[in-house]
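Spelled out from the first residue to the last, the chains are:
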Amino acid sequence: MKLSDPVTTIKGVGDKTKNLLEKIGIITIGDSLTYYPNRYRKYEIAIPFLDAIKTFGQESDEVFKGDDAILVKIQNPAILKQTKRMPIVVYKHEMAGEKLEVVWYRTAFVKSTLKIGEEFVFCGKMERSGKGYKMEHPEIFPVNKYRQLEGKYLPVYSTTKGLSQNTIRNIVKEAIDLKEEGDDYLPDGIIKNAGLDGYDKCLRMIHFPDDLELLKNAYKRFAFDELFMFCLAMKYEKLTAVEQENKIVIEQTGLAKNAMEKLPFTLTDAQKKALSDIFSDIGDPKHIMKRLIQGDVGSGKTIVAFLAMLEVCENGYQSALMAPTEVLARQHYNNFVGLKEMLGLDDLEIIFLSGSLSAAQKRDAYERMQTIDKAIVVGTNALIQKKAVYKNLGLVVTDEQHRFGVKQREGLEEKSNSPHVLVMSATPIPRTLAIILYGDLDVTVIDELPAKRLPIKNCVVGESYRKTAYRFIEDQVKAGHQCYIICSMIETSENVEAQSVEEYTKELSSKLNKDIRIGKMHGKMLPKDKDKIMGSFACGDIDVLVSTTVVEVGVDVPNATVMMIEDSGRFGLAALHQLRGRVGRGEAQSYCIFMNSSDKDEVAERLGILNKTNDGFVIAEEDLKLRGPGDFFGIRQSGDFNFKIADIYRDSDLLKSAAREADILLKKDRELSLPENNLIKMRLSEFYEKIVL
């Protein structure tokens, strides 16, 4: 069996299951093997009901906490209640005056399963109910069968409607069993230097671990694999890029300097330094520019890009800016049109292109792109489609570039003969890590905020402050401003005690003034629906937007002055800082309210850092110190790079190790032509097909 074989190779995977698997990205056998669990459920030691009561409500220090496992000897018959909607089975247990009611829905067969005198383990969540306790729809295990599972971990995968956990588990298990054991793609030297276990062993342990230590080793192995391939690809590109001669030499005409003098604000020293780096790159005949501008939210990266694009256009070349969403692309387009009018640049063309345009609008955009020299083209990935042909593209700018795939970025670069590349990112990554992660790019940091921006006022509060927070939001809306409220879940989960967007929005409607317009948004929505909601919020048609973290990188809404983050202890510091950056975009005073429902000291310590500073780079460095190496199963927060399992903050030491090993490898075998590196070269080719930068 080959990893490239279709998943239908596995017995029992028919067309229906195949279609469902495609929705979660599983198309081949290899896809199923790298579809890692997002968490694990532990089979806890089964204990008698009375013992469970003694430990009820106590916090566990374990990494994984499974459901309660209650050992019960059946005393009396279960009762079957036939309602109009469904059959319900109820079993009532009583010992030493303590009562437990257990309920199952739509499973009438349970009544005959619970035979008097026999012992079972009820595996579920035990909760207080009146003067007793209650369990709803727990799994039922014969004692001898459950004893075989005790202490083991059950993988839990992200799924879609109609696709059960058991189906995914069975597919993954069979794929592992069918996979031929072979040589590890990593040479023995790298495995030894990085302290890793073998690939095949770790593959089984990442899905079906026998104990926590083996699971940690498996996590370390696959996190290293992702980071190593990433670093290898970046360094390989860097080696290639150095050899590229600059065929588009841009001379400074003075246009950007004149434009700077006409702006109603003064650029910061950091912005001026960034422009200097760009002009030095694009004017050097020896190599093309490949530069990252890394700046905190609101630091003014876009105006720097615009001024660079002006000089490129004045030299007779076009520039293009590609954004990850249409809403963000339109925001850039509108800003550029406004700057053009303000600066009196009548001969400059600003062209917009996206998939949502009408056929006539697209034809007009295509025609202008092919005929006008002095043009800035702004859009989404429509800029790299086959019909998008440029006359003379000289500069490519990508916004939040790690949200684009290699093919997308290369697709835009290939629209011309080696154009200059400028990348903008607002992700606050410590410089030591940024140099590694953006290994194919030179890095410039904009570490100052414009003078007119008022610092965001922060507060970390508990549940007792909620009513006050709602009144404050009402006052801000009354004053003509808008607010964000962030929840960590889309819908309520039995396993995660977090506010859901759907339920929170309903509850909020009853708490706030009825005149306040509330909108909701989450990642499960279609992109066009998210764009529509975000557009309505930007236009002022929504007063309070309840959302998941999908607003982390989005359009500027200068009128939004409050960011309230529920369950803030569940998020990483970098993610919280990115969310906070959605406000404070205008001249009005802005506020961020971190709701903390945890009583843990480490959560208070982390949130205290955000309370003290608005500097994303300081926060990133502090986050790195707090998390430390080995915290494999904490809050994952660097999903922007689309690693399946690795996290650049949590795995900073692994990242440095991976970069070091990639350097050593390329110094020994620059072309990866030695026999022992054949498998690595094959992996690198596959990586370019999948990784999102």
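Everything below is about the structure shown above.
Here's what I pulled together on the structure shown here. Note that the coordinates shown come from a computational prediction; the quantities given were computed from them, not determined experimentally.

## A word on the side chain of Gln 482
Line of reasoning, step 1. The topology assignment puts Gln 482 in strand β20 (residues 482-486).
Line of reasoning, step 2. Among the polar contacts listed, one links the side chain of Gln 482 to the backbone oxygen of Ile 542, at a separation of 2.8 Å.
Line of reasoning, step 3. When residues no more than four places from it in sequence are discounted, the contact partners of Gln 482 are Phe 537, Gly 540, Ile 542, Asp 543, Val 557, Asn 559, Ala 560, Thr 561 and Val 562.

## Some remarks on a negative patch on the surface
Line of reasoning, step 1. Taken together, the side chains of Asp 269, Asp 447, Glu 448 and Asp 615 make up a negatively charged region of the molecular surface.
Line of reasoning, step 2. Along the chain, the position of Asp 615 falls in the loop between α21 (601-612) and α22 (616-627).

## A few points about a positive patch on the surface
Line of reasoning, step 1. The grouping of Lys 81, Lys 92, Lys 99 and Lys 131 at the surface amounts to a positive patch.
Line of reasoning, step 2. If you trace the backbone, Lys 81 turns up in strand β4 (residues 79-82).

## Things to note about the sheet that holds strand β14 (residues 349-353)
What links the strands of a sheet is backbone hydrogen bonding, and the strands pair in either a parallel or an antiparallel sense.
Line of reasoning, step 1. The strand order across the open sheet formed by seven strands is β14-β15-β13-β16-β17-β12-β18, and the pairing between neighbours is parallel. In this open sheet, the two strands that pair with only one neighbour each are β14 and β18 (442-446). With direction set aside, neighbouring strand axes in the sheet form an average angle of 20 degrees.
Line of reasoning, step 2. Of the strand pairs in this sheet, strand β16 (residues 393-399) and strand β17 (residues 420-425) are connected by five bridges, and their pairing is parallel. Each residue of the ladder has a partner; that of Leu 395, found in β17, is His 420.

## Things to note about the side chain of His 577
Line of reasoning, step 1. Within the secondary structure, His 577 sits in helix α20 (residues 573-580).
Line of reasoning, step 2. With sequence-adjacent residues up to four places away left out, His 577 is seen in contact with Asp 296, Val 297, Pro 428, Leu 610, Asn 614, Asp 615, Gly 616 and Ile 619.

## Focus: the packing of helix α12 (residues 301-314) against helix α13 (residues 326-343)
Line of reasoning, step 1. Where α12 meets α13, the axes come as close as 11 Å, and the angle between the chain directions of the two elements is 60 degrees. Viewed along their axes, α12 and α13 adopt a mutual orientation that is oblique. Between α12 and α13 the crossing geometry is right-handed. Each of Thr 302, Ile 303, Phe 306 and Met 309 in α12 lies in contact with α13, whose residues at this interface are His 332, Phe 336, Leu 339, Lys 340 and Leu 343.
Line of reasoning, step 2. Taken together, the residues of the contact of α12 with α13 sort by class into six nonpolar, two polar and one charged.

## A short note on the nonpolar core
Line of reasoning, step 1. One finds Ile 206, Phe 224, Phe 228 and Leu 232 to be the most contacted residues of the largest nonpolar core, which totals 74 residues.
Line of reasoning, step 2. If one sorts the elements of this core by residue count, helix α9 (residues 212-242) sits on top with 14 residues.
Line of reasoning, step 3. Contacts of Phe 224, omitting those with residues within four sequence positions, involve Leu 186, Ile 190, Ala 194, Leu 196, Leu 654, Ser 657, Ala 658 and Glu 661.
Line of reasoning, step 4. One finds Ala 259, Leu 275, Leu 310 and Ala 365 within the second-largest nonpolar core, a separate group that totals 60 residues.

## Quick notes on unusual backbone geometry
Line of reasoning, step 1. The phi dihedral of Ala 96 is positive, around 50 degrees, even though this residue is not glycine.
Line of reasoning, step 2. Take Ala 96: it is sitting in the loop between β5 (87-95) and β6 (98-105).
Line of reasoning, step 3. The phi dihedral of Leu 672 is positive, around 55 degrees, even though this residue is not glycine.
Line of reasoning, step 4. Relative to the elements of secondary structure, Leu 672 occurs in the loop between α23 (652-668) and α24 (678-690).

## Things to note about the pattern of salt bridges
Charged atoms that come close allow side chains of opposite charge to pair.
Line of reasoning, step 1. The final tally for this structure, using the stated rule, is 29 salt bridges.
Line of reasoning, step 2. Note that Lys 179 is salt-bridged to Asp 200, the shortest N-O span being 2.6 Å. With Lys 179 in the loop between α6 (165-178) and α7 (188-194) and Asp 200 in helix α8 (residues 199-207), the pair connects residues that are 21 residues apart, well separated along the chain. No difference in accessibility class separates Lys 179 from Asp 200, as the two residues are buried.
Line of reasoning, step 3. With a shortest N-O distance of 2.5 Å, Glu 566 and Arg 466 are connected by a salt bridge. Linking Glu 566 in the loop between β23 (560-565) and α20 with Arg 466 in helix α17 (residues 466-478), this pair joins segments that are 100 residues apart in sequence.

## Some words on the packing of aromatic side chains
Line of reasoning, step 1. Under the definition given, this model contains 16 aromatic pairs.
Line of reasoning, step 2. Residues Phe 56 and Tyr 133 carry aromatic rings whose centres are separated by 5.3 Å and whose planes lie at 70 degrees to one another, so their mutual orientation is edge-to-face. Of this pair, Phe 56 sits in the loop between α3 (49-54) and β3 (68-73) while Tyr 133 sits in strand β9 (residues 132-136), and the two are 77 residues apart along the sequence.
Line of reasoning, step 3. Grouping aromatic residues by their ring pairs yields a cluster made of Tyr 36, Tyr 199 and Phe 222.
Line of reasoning, step 4. In this arrangement the basic side chain of Arg 683 is found over the ring face of Tyr 185, its NZ or CZ atom lying 4.2 Å from the centre.

Rules used in this analysis
Residues numbered from 1 in each chain as written. Predicted model: local features only at pLDDT ≥ 70, side-chain atom pairs only at ≥ 80, totals over all residues. Heavy atoms only, no water. Helix = DSSP H or I, 4+ residues; strand = E, 2+ residues; numbered from the N terminus. Polar contact = N/O pair within 3.5 Å; in protein donor to acceptor, adjacent residues only side chain to side chain. Contact = heavy atoms within 4.5 Å. Patch = residues over 30% accessible without salt bridge, like charges linked within 9 Å, V, L, I, M, F, W, Y side chains within 5 Å. Areas by Shrake-Rupley, 256 points an atom, 1.4 Å probe, with all protein chains shown as cover. Salt bridge = Lys/Arg side-chain N within 4 Å of Asp/Glu carboxyl O. Lys, Arg positive; Asp, Glu negative; His and termini not counted. Charge placed at Lys NZ, Arg CZ, Asp CG, Glu CD. Pairing = 2+ DSSP bridges. Axes fitted to C-alpha atoms, helices over the stretch in contact; angles between N-to-C directions. Parallel < 35°, antiparallel > 145°, perpendicular 65-115°, else oblique. Left-handed = near helix turned anticlockwise from the far one by under 90°. Nonpolar A, V, L, I, M, F, W, Y, C, P; charged D, E, K, R; others polar. Core = buried A, V, L, I, M, F, W, Y, C linked by side-chain atoms within 4.5 Å. Buried < 20%, exposed > 50% of the residue type's maximum accessible area, 1.4 Å probe, protein only. Phe/Tyr/Trp six-rings, centres within 6.5 Å; stacked < 30°, edge-to-face > 60°. Lys NZ or Arg CZ within 6 Å of the ring centre and 35° of its normal.

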